[in-house]
Amino acid sequence: MSESLLALHERPVLPDAVCTGLQRLPGHPAAYLGEGAADRLGTVIEALGGRRVLFVHGRTSYRRSGAGESVEGWAGRYRVAHFDGVRPNPRIAQVRDGVALARGFRPDVVVGVGGGSSLDVAKAVAVLGAQSADPLDCLRDPRLVTRRRSAALVLLPTTAGSGSEMTRFATVYVEGRKHSLDLAQARADLVLVDPRLTSSLPPRDFVASGLDALAQAVESYWSVSADGGSRALALAALERLLPPLARAADTGSFADPGVRAQLAHGASLAGVAIDATRTTAAHALSYELTARLGLAHGTAVALHLDWLMARHAALSEDECRHPEGAAGVRRRVEIVQRLAEETTGGSVEPLVRRLLSAAGQPVGLRELALPTHGWRQPLTAALASNRAWNNPCVLTEDDILRFLV
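Heads up: these notes are all about the structure in this document.

For the rest of this paragraph, the subject is the state of the cysteines. The final tally for this structure, using the stated rule, is 0 disulfides. Left without a disulfide partner, Cys-393 is nearest to the cysteine sulfur of Cys-320, which lies 7.9 Å away.

At a minimum axis distance of 8 Å, the contact between helix 11 (residues 281-293) and helix 15 (residues 372-382) shows a crossing angle of 140°. One element, helix 11, and the other, helix 15, form an angle in the oblique class. Helix 11 and helix 15 meet at a crossing whose hand is right-handed. Two secondary-structure elements touch here, helix 11 through Ala-284, Leu-285, Glu-288, Leu-289, Arg-292 and Leu-293 and helix 15 through Gly-374, Trp-375, Pro-378, Leu-379 and Ala-382. Partitioning the contact of helix 11 with helix 15 into residue classes produces 8 nonpolar, 1 polar and 2 charged.

Time to look at the sheet that holds strand 4 (residues 79-86). Pairing is mixed across the open sheet formed by 7 strands, whose spatial order is 1-2-9-6-5-3-4. The open sheet has two edge strands, strand 1 (23-24) and strand 4, and neither has a second partner. For strand 6 (residues 152-157) and strand 9 (residues 190-193), the ladder comprises 2 bridges, and the chain directions are parallel. Each bridged residue has a counterpart across the sheet, and for Val-154 the counterpart in strand 9 is Leu-190. Each of strand 3 (52-58) and strand 4 touches helix 5 (residues 92-105); the most contacted strand, strand 4, lies at about 170° to it.

It is worth spelling out the environment of Thr-159 at this point. For Thr-159, the position within the fold is in the loop between strand 6 and strand 7 (169-174). Relative accessible area serves as the criterion here: at 18%, Thr-159 is assigned to the buried category. Along the backbone, Thr-159 and Ser-268 are 109 residues apart, and their C-alpha atoms lie at a distance of 10 Å. The contact partners of Thr-159, leaving out residues within four places of it in the chain, are Gly-114, Gly-115, Gly-116, Thr-198, Leu-201 and Ser-209.

The next thing to look at is the packing of aromatic side chains. The full count for this structure, using the stated rule, is 5 aromatic pairs. Arranged with centres 6.3 Å apart and planes meeting at 55°, the rings of Phe-55 and Tyr-62 form a pair that is tilted. Note on accessibility: Phe-55 and Tyr-62 belong to one class, buried. Summarising the aromatic geometry, the rings of Phe-55 and Trp-74 are spaced 6.2 Å apart at their centres and angled 45° between planes, so their arrangement reads as tilted. Of this pair, Phe-55 sits in strand 3 while Trp-74 sits in the loop between helix 4 (67-72) and strand 4, placing them 19 residues apart in sequence. Its relative accessible area of 9% is what places Trp-74 among the buried residues. Here the aromatic residues Phe-55, Tyr-62, Trp-74 and Tyr-78 are joined through ring pairs into a cluster of three or more. The ring of Phe-105 carries the charged tip of Arg-52 above its face, separated from the ring centre by 4.7 Å. Its end group placed over the ring of Phe-169, Arg-387 keeps NZ or CZ at 5.6 Å from the ring centre.

What follows deals with the pairing of strand 3. In terms of residue burial, strand 3 counts as a mostly covered element, since 6 of its 7 residues are buried. Two strands pair when backbone bridges link them, and strand 3 and strand 4 are joined in this way by 6 bridges, in the parallel orientation. The partner of Arg-52 across the bridge, within strand 4, is Arg-79. When strand 3 meets strand 5 (residues 109-114), the two strands line up parallel, connected through 4 bridges. Bridging from a neighbouring strand, Leu-54 pairs with Val-110 of strand 5.

This brings us to the packing of helix 11 against helix 12 (residues 297-313). Close contact between helix 11 and helix 12 brings their axes to 8 Å; oriented N to C, the two are set at 135°. As far as their axial angle goes, helix 12 and helix 11 are oblique. The two elements helix 11 and helix 12 meet at a crossing, and its hand is right-handed. The residues of helix 12 that touch helix 11, namely those facing Ala-281, Ala-282, His-283, Leu-285, Ser-286, Tyr-287, Leu-289 and Thr-290, are His-297, Ala-300, Val-301, His-304, Leu-305, Trp-307 and Leu-308. Of the residues contributing to the contact of helix 11 with helix 12, the split by class is 10 nonpolar, 5 polar and no charged.

Another aspect to go through is the pattern of salt bridges. Close approach of charged atoms lets side chains of opposite charge pair. Evaluation of the coordinates by the stated rule reveals 19 salt bridges. With a closest N to O distance of 2.2 Å, Arg-354 and Asp-250 form a salt bridge. Of this pair, Arg-354 sits in helix 14 (residues 348-358) while Asp-250 is found in helix 9 (residues 228-251), placing the two residues 104 residues apart along the sequence. Classification of Arg-354 by relative accessible area gives partly exposed; the value is 33%. Among the charged side chains, a salt-bridge network with shared partners connects Asp-39, Asp-194 and Arg-196.

For soluble globular proteins, the rule of thumb is that nonpolar side chains tend to be buried together. Counting residues in each nonpolar core, the largest one holds 110 residues, and the members touching the most others are Leu-54 and Leu-128. At 11 residues, helix 9 tops the list of elements feeding residues into this core. Every residue in contact with Leu-54, bar those within four places of it in the chain, is listed here: Ala-81, His-82, Phe-83, Leu-101, Ala-102, Phe-105, Pro-107, Val-109, Val-110, Val-111 and Val-125. Grouped together as the second largest cluster of nonpolar side chains are 28 residues, Ala-37, Ala-38, Ala-67 and Trp-74 included.

Rules used throughout
Residues numbered from 1 in each chain as written. Predicted model: local features only at pLDDT ≥ 70, side-chain atom pairs only at ≥ 80, totals over all residues. Heavy atoms only, no water. Disulfide = S-S within 2.5 Å. Axes fitted to C-alpha atoms, helices over the stretch in contact; angles between N-to-C directions. Helix = DSSP H or I, 4+ residues; strand = E, 2+ residues; numbered from the N terminus. Parallel < 35°, antiparallel > 145°, perpendicular 65-115°, else oblique. Left-handed = near helix turned anticlockwise from the far one by under 90°. Contact = heavy atoms within 4.5 Å. Nonpolar A, V, L, I, M, F, W, Y, C, P; charged D, E, K, R; others polar. Pairing = 2+ DSSP bridges. Buried < 20%, exposed > 50% of the residue type's maximum accessible area, 1.4 Å probe, protein only. Phe/Tyr/Trp six-rings, centres within 6.5 Å; stacked < 30°, edge-to-face > 60°. Lys NZ or Arg CZ within 6 Å of the ring centre and 35° of its normal. Salt bridge = Lys/Arg side-chain N within 4 Å of Asp/Glu carboxyl O. Core = buried A, V, L, I, M, F, W, Y, C linked by side-chain atoms within 4.5 Å.

In structure tokens form, the structure reads like this:
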């Protein structure tokens with residue numbers, strides 16, 4: 001079956017009463033936000049006609065967030081299995097293990113609970129568990145995804161940043177290289193965003209996830225593939241993300257429920273925006289830092305967003321690939337910086353550095369002391385990726401050499 005046909009497959013229709021009182025998020029057929037949203041999960045599964053439920057999550061966040069305790073109250077009504085083998089920046093071996101469990105258990109509902117890695121693995125398990133080909137082969141050649149998934153897919157984020165709950169793509173690492181599952185049927189049938197699930201997230205993880213969301217919103221806004229609708233979503237995300245991030249940078253804490261709620265809302269909007277446009281160079285260049293140095297994804301992205309803000313603010317016509325031209329891109333950067341000034345009292349770059357410092361992370365690429373030998377080739381190669389081509393500025397090897405030693 002072609003991807004165009006897969007995109008048309010029937011999605012479960014839930015009664016409106018299931019999510020009464022929750023805020024519906026734009027850009028997704030069934031995404032809801034609100035305190036206590038996770039408590040609706042048992043009712044949701046019943047409404048979906050679920051009988052065999054596979055939970056996909058990591059070893060700590062599922063319990064730490066309170067999701068596990070909530071599930072235990074009603075899970076006895078169903079046949080339940082858990083794949084708890086998710087680790088940060090998931091590798092193909094994790095996906096294969098999850099797919100093997102799904103093929104044996106044959107769930108009718110897959111529930112992903114956790115940060116971006118858990119949600120990405122849940123998507124991959126739900127989609128690839130229905131295929132006959134090996135998961136790695138499907139990642140390398142999406143034409144091998146010939147069967148629509150038979151299980152409904154429900155996602156509950158426990159971080160405010162990855163936006164994975166709102167997108168139709170998932171990241172998997174193979175031998176240190178990032179691969180993407182990017183298919184319409186990888187988008188969840190239902191999303192429940194409950195800010196309460198983020199309350200026990202460690203501050204360092206909160207910073208990384210918040211910076212990831214911030215970068216997604218900025219990158220979507222200046223993306224080559226952006227349009228009026230995606231830009232409106234990206235700006236709406238920034239309006240919600242910037243104030244709580246500034247407050248957290250000032251206080252060193254994410255304990256305020258209002259801060260967590262704003263971040264959860266903004267992160268989901270940023271996820272919708274990148275689902276429409278995809279990300280750009282900050283993400284393209286981040287994956288090597290994550291794969292080779294173990295930096296949190298959001299930290300790695302933020303380190304590149306820092307220098308790319310100034311790079312795009314000075315964009316010239318001969319290095320621009322954006323349909324609006326260099327002046328249009330510079331205007332986009334100006335709008336973002338003006339919004340940051342109005343909502344936080346400063347520009348984007350100082351806010352990024354303050355948050356990285358508060359989390360005990362390097363605040364600039366030069367602090368990593370990346371040697372030219374060993375880093376020049378892979379980072380330059382990243383400039384040929386799809387995400388780099390989505391960047392409004394044509395970046396070159398000279399841009400990379402600026403921060404290598």
